[in-house]
Amino acid sequence: MTSLALPLLRRALPGQLTRLTGVLATVVLILAAMPIITMIIMSFGASDTLAFPPPSYGLQWYRAAWHTFMSPDASDVLSMGQALGTSLMVALATMLIAAAVAIPAAYALNRFDFPGKGLVEQFIALPMVYPLVMLGISLLLVFNYLPLELGIFRLVIAHVILALPFAVKNCSASIAGIGPEFEEAAYLMGARPLRAMFDVVLPLMRPGILAGMLFAFIVSFNEFTVTFFLYDVDTMTLPVWLYSRTVSSLDPTVFSFAVFIVLIDFGLIWLLEKLVGDDGVAL
């Protein structure tokens, strides 16, 4: 084989990254990261305008954001700390409820055949493709029709609906690799079905359960569209609070707050990788 044919052969081998593929991948990554990069650059701007790129740089907007967090303006109907507390409370409740629903749902969908199983799977996945604006309006109409005021539970119910597909898919991905022979072995050793579930199945499902719970938390913590239709002054979440700051006057401190939110999301993703790795993660 001549030396001229070797480069052509190497390019033809599967798994080889060609120059064109590398360029396209780089462009896609840059486009995906551009909004975050732009936000970070603007957060370090020292100008009172939103000109991009900023004519000068500094930490004034981070100092202003810290001052807003520590000493909220009396004119604000809700402080940033209260909005953050509401977001964390709703996200934690969403994470726990979604896990409690997703585990038995994933088990039933993977272990049993029953009439309408395919329809149930489609309904669980529906929030992933359903227009969020229409979902928010529909939930608002339903909640307003109820004779009782749900308060913050309006947000929890809505966020569970949005996070449930991610929790069920990750739990299903985990239980798909657990054959029924594990439970049968536990039965042979004298374990009852419930004991086999808690001592055998759930520990083996741990990667998928953790992944589903963290995805549910992330979905809830960052959700805006549906929340915008359901919140009130006492249940304003952090994304809605940031939006309110941009509507009244485009305050550059929102870029600093947005960087804070992105750091929380990156921390959760890093935690997901450390606790779960590549096992049980399904999108």
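Calculation notes
- Residues numbered from 1 in each chain as written.
- Predicted model: local features only at pLDDT ≥ 70, side-chain atom pairs only at ≥ 80, totals over all residues.
- Heavy atoms only, no water.
- Helix = DSSP H or I, 4+ residues; strand = E, 2+ residues; numbered from the N terminus.
- Contact = heavy atoms within 4.5 Å.
- Areas by Shrake-Rupley, 256 points an atom, 1.4 Å probe, with all protein chains shown as cover.
- Core = buried A, V, L, I, M, F, W, Y, C linked by side-chain atoms within 4.5 Å.
- Buried < 20%, exposed > 50% of the residue type's maximum accessible area, 1.4 Å probe, protein only.
- Patch = residues over 30% accessible without salt bridge, like charges linked within 9 Å, V, L, I, M, F, W, Y side chains within 5 Å.
- Salt bridge = Lys/Arg side-chain N within 4 Å of Asp/Glu carboxyl O.
- Phe/Tyr/Trp six-rings, centres within 6.5 Å; stacked < 30°, edge-to-face > 60°.
- Axes fitted to C-alpha atoms, helices over the stretch in contact; angles between N-to-C directions.
- Parallel < 35°, antiparallel > 145°, perpendicular 65-115°, else oblique.
- Left-handed = near helix turned anticlockwise from the far one by under 90°.
- Bend = angle between axes of the 7 residues up to and from the residue.
- pLDDT = per-residue confidence, 0-100.

Novice: Sorry, what's going on with the overall build of the protein here?
Specialist: Scanning the protein from terminus to terminus reveals 13 helices and zero strands. Ordering the α and β elements of the protein from the N terminus gives α-α-α-α-α-α-α-α-α-α-α-α-α. Of the contacts formed within the protein by residues at least 6 apart in sequence, a portion of 70% connects residues at least 24 apart. Accessible surface, the protein as shown: approximately 16600 Å² in total, 71% of it carbon and sulfur.

Novice: Hey, could you run me through the nonpolar core in this one?
Specialist: Cys171, Met205, Phe221, Leu238 and Trp241 are the most contacted members of the largest nonpolar core, which has 50 residues in total. Among the secondary structure elements, those contributing two or more residues to this core are α2 (19-43), α4 (80-111), α7 (153-175), α9 (193-204), α10 (206-222), α12 (238-248) and α13 (253-275). Take this core: its biggest share by element is 12 residues, from α4. Contacts of Phe221, omitting those with residues within four sequence positions, involve Leu84, Ser87, Leu88, Ala91, Leu238, Pro239, Ile261, Ile264 and Asp265. Within the second largest apolar cluster, 12 residues are counted, among which are Leu139, Leu150, Ala158 and Val160.

Novice: Teacher, can you tell me more about a nonpolar patch on the surface here?
Specialist: A cluster of nonpolar side chains, contributed by Leu119, Phe123, Leu126, Met128, Val129, Tyr130, Val133, Met134, Ile137 and Leu141, occupies part of the molecular surface with about 940 Å² of accessible area. When residues of the nonpolar patch are traced back to their parent elements, those giving at least two are α5 (117-125) and α6 (132-145). Structurally, the position occupied by Met128 is in the loop between α5 and α6. Owing to a relative accessible area of 38%, Met128 belongs among the partly exposed residues under this scheme.

Novice: Even after reading the chapter, I still don't get the packing of aromatic side chains, so can you show me in this structure?
Specialist: A ring pair, where both rings are aromatic, is described by two values, the distance of the centres and the angle of the planes. Under the criterion given, the structure shown has eight aromatic pairs. An aromatic cluster is built from Phe224, Phe228, Phe229, Tyr231 and Tyr243, whose rings are joined through pairwise contacts.

Novice: Teacher, can you tell me more about the packing of α6 against α7 here?
Specialist: The axes of two packed helices give the description: the angle between them and the distance between them. Their axes nearest at 11 Å, the elements α6 and α7 cross at an angle of 140 degrees. Classified by the angle their axes make, α6 and α7 are oblique. For the pair α6 and α7, the crossing hand works out as right-handed. Counted together, Leu132, Leu135, Leu139, Leu140, Phe143 and Asn144 of α6 and Arg154, Ile157, Ala158, Ile161 and Leu162 of α7 form the full contact between these two elements.

Novice: Can you help me understand the environment of Pro203 in this one?
Specialist: With respect to the helices, strands and loops of the structure, Pro203 is situated in helix α9. Take Pro203: its relative accessible area is 44%, and that puts it in the partly exposed class. Leaving out residues up to four positions away in the same chain, Pro203 has contacts with Met197 and Phe198.

Novice: Please explain α7 as it appears in this structure.
Specialist: Given 3.6 residues per helical turn, the α-helix brings residues three or four places apart onto the same face. Maximum bend of α7: about 40 degrees, positioned at Ala163, with proline Pro165 one to four residues after it. Burial of α7 is extensive: 18 of the 23 residues sit out of reach of the surface.

Novice: Whenever I open this one, the confidence of the model for the protein confuses me. Can you help?
Specialist: The predicted structure's coordinates, where accompanied by low pLDDT, should not be read in detail. Predicted confidence across the protein gives a mean pLDDT of 78, with 84% of residues reaching 70 or more. Confidence, read as mean pLDDT per element, is least for helix α1 (residues 5-12) in the protein (48) and greatest for α7 (89).

Novice: In this structure, what is going on with the pattern of salt bridges? I would like to understand it.
Specialist: Using the criterion set out here, one finds one salt bridge in the structure. Put simply, Glu149 and Arg154 hold a salt bridge, and the shortest N to O gap is 4.0 Å. According to the relative accessible area criterion, Glu149 is exposed, its value standing at 59%.

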